[in-house]
Amino acid sequence: MDAAPVQRGLTGAMSTQAGPTGLSERALGPDLARGFMLLFIALANSHYFVYSDRVFGGFPIDGSAPDRVVGMMISTFVDGRAFPMFGVLFGYGVAQIVRRQREAGKDWWPIRKLLWWRSLVLIVLGFLHAMLLYIGDILAAYGVLLFLGVWALRWKDRWLFIVAAFVLILTSLPSEDSLATSSDAADPAMLPPDFLGQFADRVVVQPFIAGLGWIGFVTPFLIGLWAGRRRILERPAQHLTLLRTTALLGLTIAVAGALPVSLVVGGVLTQPSDHALSILGPLHDATGVFGGFGYAALIVLVARRLGDRQGPVSLAIAAVGQRSLTCYLSQSVVWAVVFTPYLLDLSHTLTTTTTALLAVATWLSTVLLADRMRRADYRGPFEILIRRITYQPKRTAATLSRNSGNRA
């Protein structure tokens, strides 16, 4: 038996609440995956800000040859593939929280209440994020997913797989709502013309995204729960065949399923009929779920190969994963400053290529920022905030009340 969980369980049993995983206790694989994933999220989000009258899948279709090549690469390897990996890691993290709470002697009802409180924090933070910075926020959607997903914590493995497969099939049915084939240009909710007006536009859109966006993440979330129960990403040596198979098949399916759309983005194929797009769009999205699995498995295998030979690059990227919430929100600050019409207003100036370069530069800046936090042994402002609220809700509420009384 592993001595570490037993020791943590005995320690937690003597406290009123099991705390979050310490930085020194975290496995490299999941953190490296989260850190690298944020590069893909930056690439997936930023190209939607590039303004054009003629758009396909969030890419201007009248761009230069380099723009078309970059767009095709992002559509093939990134769009619809980054967020499912986020979903897997989110579910995996929830399973880690549950395991630590159970080791500390907690019953299921207190664990559910802790996770519901965490989901409320995500919903509120996501709402503020959407109102102030980026309407494409996913935090609130994940908050809703967690609020509902709590009921899956005690499901048997077969039910996790059955529901995951059912939802995947459901979301792969023909539809005209896929962003992968959308021809809609950026609207005022994305690019608000003035500060006060953005709230009126975004307050209508944000509940729709939060209320429905979680559906597409159910499958990776449930599979992440299953993987977290078995600590697959933390103990890759025990699951090499599964991880290698998942990496190979997952990425192959993801690339093959993306090509019909990405070749149109790249200008290699002409845009098909609306009926064909209603099939190809969901196909692009559904196969992207397998890409999320594949990327997570591949990066964990890389982490295993690194072993104790972790260099400054891998440690810095893992530091981003340990501070993924702070780094994700930092990206949105850049998008808001660079693209918002009443600020720098570069949505009409930057192209698909230069925006991709901006996304890479933004991610690299968060790598440097997270690495400095790592060296200073500082978890990250939003990580500290969400942990304090989640694990010490009564103390946090009392502190806020006391501070308010002092100001009064």
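Bear in mind that the values here come from a model prediction, so they are computed numbers and not experimental data.

1. Observations regarding the overall build of the protein chain
Okay, step 1: Assigned secondary structure in the protein chain consists of 16 helices and 2 strands.
Okay, step 2: Across the 408 residues in the protein chain, those meeting the buried criterion constitute 51%.
Okay, step 3: Contacts spanning at least 24 positions in sequence make up 83% of the contacts within the protein chain whose residues lie at least 6 apart.

2. Comments concerning the packing of aromatic side chains
Two measures describe an aromatic ring pair: the distance that separates the ring centres and the angle between the ring planes.
Okay, step 1: Applying the stated rule across the entire model yields 18 aromatic pairs.
Okay, step 2: Plain terms: the ring middles of F36 and W363 are 6.4 Å apart, the flat faces sit at 85° to each other, and that makes the pair edge-to-face. Placement of F36 in helix α2 (residues 28-46) and of W363 in helix α14 (residues 352-375) is noted, with a sequence separation of 327 residues between them.
Okay, step 3: For the pair F86 and Y142, a centre-to-centre distance of 5.0 Å together with 35° between the ring planes defines the contact as tilted. Separated by 56 residues along the polypeptide, F86 in helix α4 (residues 82-103) and Y142 in helix α6 (residues 139-149) bring together distant segments of the chain.

3. What to know about the packing of helix α3 (residues 65-77) against α14
Okay, step 1: In the contact formed by α3 and α14, the axes pass within 8 Å of each other and the chain directions differ by 50°. Our classification of the angle between α3 and α14 gives oblique. Counted together, P66, D67, V70, G71 and I74 of α3 and T352, T353 and A356 of α14 form the full contact between these two elements.
Okay, step 2: Looking at side-chain class alone, the contact of α3 with α14 contains 4 nonpolar, 3 polar and 1 charged residues.

4. Section: the pattern of salt bridges
Okay, step 1: Within this structure, the stated rule accounts for 8 salt bridges.
Okay, step 2: In this structure, D157 engages R230 in a salt bridge whose closest nitrogen and oxygen atoms are separated by 2.2 Å. Here the residue D157 occupies a position in helix α7 (residues 157-171), and R230 occupies one in the loop between α9 (218-229) and α10 (240-265), the gap between them amounting to 73 residues.
Okay, step 3: Look at R230 and you get partly exposed, because its relative accessible area is 34%.
Okay, step 4: R375 is the partner of D371 in a salt bridge, and the nearest nitrogen-oxygen pair spans 3.0 Å. Within this pair, D371 and its partner R375 are both found in helix α14, separated by 4 residues, close to a single helical turn.
Okay, step 5: On the basis of relative accessibility, which here comes to 12%, the residue D371 falls in the buried class.

5. Here we look at the side chain of T181
Okay, step 1: Looking at where T181 falls in the secondary structure, it is placed in the loop between α7 and α8 (195-212).
Okay, step 2: Classification of T181 by relative accessible area gives buried; the value is 10%.
Okay, step 3: Leave out the neighbours within four places in its chain, and T181 touches F56, G57, V261, L277 and G281.

6. Here's the deal with helix α13 (residues 324-339)
Okay, step 1: Between the first and last C-alpha of α13 there are 23 Å, a value that for 16 residues agrees with the 22 Å anticipated at 1.5 Å per step.
Okay, step 2: Those residues of α13 that sit buried are S324, L325, T326, C327, Y328, L329, Q331, S332, W335, A336, V338 and F339.

7. Some remarks on the nonpolar core
Okay, step 1: L115 and L225 are the most contacted members of the largest nonpolar core, which totals 109 residues.
Okay, step 2: Contacts of L115, omitting those with residues within four sequence positions, involve V94, I97, V98, L146, V150 and L153.

8. Remarks on α9
Okay, step 1: Its 12 residues place the ends of α9 17 Å apart at the C-alpha level, agreeing with the 16 Å of an ideal helix rising 1.5 Å per residue.
Okay, step 2: The buried fraction of α9 amounts to 11 of the 12 residues, a majority that puts the element mostly inside the structure.
Okay, step 3: Of all the residues in α9, the buried ones are V218, T219, P220, F221, L222, I223, G224, L225, W226, A227 and G228.
Okay, step 4: Tucked inside the fold, the buried residues of α9 contact α4, α6, α7, α10 and α11 (274-306).

9. Overview of the environment of F56
Okay, step 1: Tracing the sequence through the fold places F56 in strand β1 (residues 55-56).
Okay, step 2: Among residues more than four places away in sequence, those in contact with F56 are I61, A180, T181, S182, V261, V264, V265, Q271 and L277.

10. Considering the environment of T349
Okay, step 1: Within the secondary structure, T349 is located in the loop between α13 and α14.
Okay, step 2: Remark: the alpha-carbon pair of T349 and F339, spanning 10 residues in sequence, is separated by 9.4 Å.

11. Quick look at the environment of L139
Okay, step 1: Along the chain, L139 turns up in helix α6.
Okay, step 2: Owing to a relative accessible area of 5%, L139 belongs among the buried residues under this scheme.
Okay, step 3: In this structure, the C-alpha to C-alpha distance between L139 and L122, residues 17 residues apart in sequence, is 5.5 Å.
Okay, step 4: Beyond its immediate chain neighbours, meaning those up to four positions away, L139 contacts L122, L125, G126, L325, Y328 and L329.

What counts, and at which threshold
- Residues numbered from 1 in each chain as written.
- Predicted model: local features only at pLDDT ≥ 70, side-chain atom pairs only at ≥ 80, totals over all residues.
- Heavy atoms only, no water.
- Helix = DSSP H or I, 4+ residues; strand = E, 2+ residues; numbered from the N terminus.
- Buried < 20%, exposed > 50% of the residue type's maximum accessible area, 1.4 Å probe, protein only.
- Contact = heavy atoms within 4.5 Å.
- Phe/Tyr/Trp six-rings, centres within 6.5 Å; stacked < 30°, edge-to-face > 60°.
- Axes fitted to C-alpha atoms, helices over the stretch in contact; angles between N-to-C directions.
- Parallel < 35°, antiparallel > 145°, perpendicular 65-115°, else oblique.
- Nonpolar A, V, L, I, M, F, W, Y, C, P; charged D, E, K, R; others polar.
- Salt bridge = Lys/Arg side-chain N within 4 Å of Asp/Glu carboxyl O.
- Expected span 1.5 Å × (residues − 1).
- Core = buried A, V, L, I, M, F, W, Y, C linked by side-chain atoms within 4.5 Å.

Function-wise, these values are silent; they only describe arrangement.
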